[in-house]
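# Breakdown of the fold
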Amino acid sequence: MNRAARSVMTEYEDIVLGYGQSDEYSFVFRREAEVFQRRSVKIITTLVSKFSSAYVFYWNEYFPEIKLLYPPSFDGRMVLYPTDKNLKDYLCWRQADCHINNLYNTTFWTLVQEGKLSNTEAEQRLSGTLSADKNEILFSEFGINYNNEAQVFRKGTVLVQNKRTRRNHDKQSTNELGLEVRSKDFQNITELNSDIIGDKFWEENPHILLGNPVPNSNQSADAGLKKSIRATTSETKTID
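Quick notes on the rules
- Residues numbered from 1 in each chain as written.
- Predicted model: local features only at pLDDT ≥ 70, side-chain atom pairs only at ≥ 80, totals over all residues.
- Heavy atoms only, no water.
- Helix = DSSP H or I, 4+ residues; strand = E, 2+ residues; numbered from the N terminus.
- Buried < 20%, exposed > 50% of the residue type's maximum accessible area, 1.4 Å probe, protein only.
- Polar contact = N/O pair within 3.5 Å; in protein donor to acceptor, adjacent residues only side chain to side chain.
- Pairing = 2+ DSSP bridges.
- Phe/Tyr/Trp six-rings, centres within 6.5 Å; stacked < 30°, edge-to-face > 60°.
- Lys NZ or Arg CZ within 6 Å of the ring centre and 35° of its normal.
- Salt bridge = Lys/Arg side-chain N within 4 Å of Asp/Glu carboxyl O.
- Patch = residues over 30% accessible without salt bridge, like charges linked within 9 Å, V, L, I, M, F, W, Y side chains within 5 Å.
- Areas by Shrake-Rupley, 256 points an atom, 1.4 Å probe, with all protein chains shown as cover.

Okay, the side chain of Thr129 next. Relative to the elements of secondary structure, Thr129 occurs in the loop between α5 (119-126) and α6 (131-142). Residue classification places Thr129 among the buried positions, given a relative accessible area of 18%. A polar side-chain atom of Thr129 sits 3.1 Å from a polar atom in the side chain of Lys134.

Here it is as structure tokens:
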């Protein structure tokens, strides 16, 4: 998923941020983006197509011993948020959803695999429990501190486009047929597993909301519009 998302962001430099968890990815375009003349249908169909093809293309790099049993597909939708606060609220919601799902699944499968409960019994055990209850089950019964779990599972993945434009960083080479090939530079995309609900991330990456690498004090953080594209499979967001 992360590799497919990097492929999308490398192709479309107007995407300033990507956030992924479970089977979904959200992409945020900079405010001034004019990609495809801002035609929403063109943007969403092209990006979902790119994501799907990249997912299949790079599959063998990560799972060389596992054969795809059927062609995967993704759907997508575009949302135009009126303010940066709305955009941040959306992304915070997705990261909170990541935490909720992962805590549930970690506890569920620990009860099944180590606690020897059936799937039905584990589901009944967790019915009506809060986050604190699940943390207590993991720690008191299995010695697992949920806070020590890998952040990629607890917080998801954040991809940040470091520069507004990367055209001067494209690499040129010649393939085996003697044809010139231009490849995009991945070095301008930073992969993080950090918190985006608090202010620290946004203070360290002001260009995401301001639309420029260097903040302009005359610009309002709440001015303008943002586009967010969310590509998800048709399956549940819960990680099995």
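To continue, consider the pairing of strand β1 (residues 15-21). Taking burial as the measure, the seven residues of β1 include seven buried ones, the bulk of the element. In this structure, β1 lies alongside strand β2 (residues 24-29), joined through six bridges in antiparallel fashion. From the neighbouring strand, Gly20 faces β2, where its bridge partner is Tyr25.

Summed over all chains, the structure comprises 14 aromatic pairs. Between Phe108 and Trp109 the ring centres are 5.0 Å apart and the planes differ by 85°, which places this aromatic pair in the edge-to-face class. Residue classification places Phe108 among the buried positions, given a relative accessible area of 9%. Through a chain of ring-to-ring contacts, the aromatic side chains of Tyr25, Phe27, Phe51, Tyr55, Trp59, Phe63 and Phe74 assemble into a single cluster. In this structure, Lys42 is placed above the aromatic ring of Phe36, and the distance from its NZ or CZ to the ring centre is 5.4 Å. Positioned above the aromatic ring of Trp93 is the side chain of Arg94, whose terminal nitrogen or guanidinium carbon lies 4.2 Å from the ring centre.

A full pass over the atoms with the stated rule returns nine salt bridges. One network of salt bridges, in which partners are shared, links Asp14, Arg30 and Glu32.

A cluster of nonpolar side chains, namely Tyr62, Phe63 and Ile66, defines an oily patch on the protein surface of about 310 Å² accessible area. Along the polypeptide, Tyr62 turns up in helix α3 (residues 59-62).

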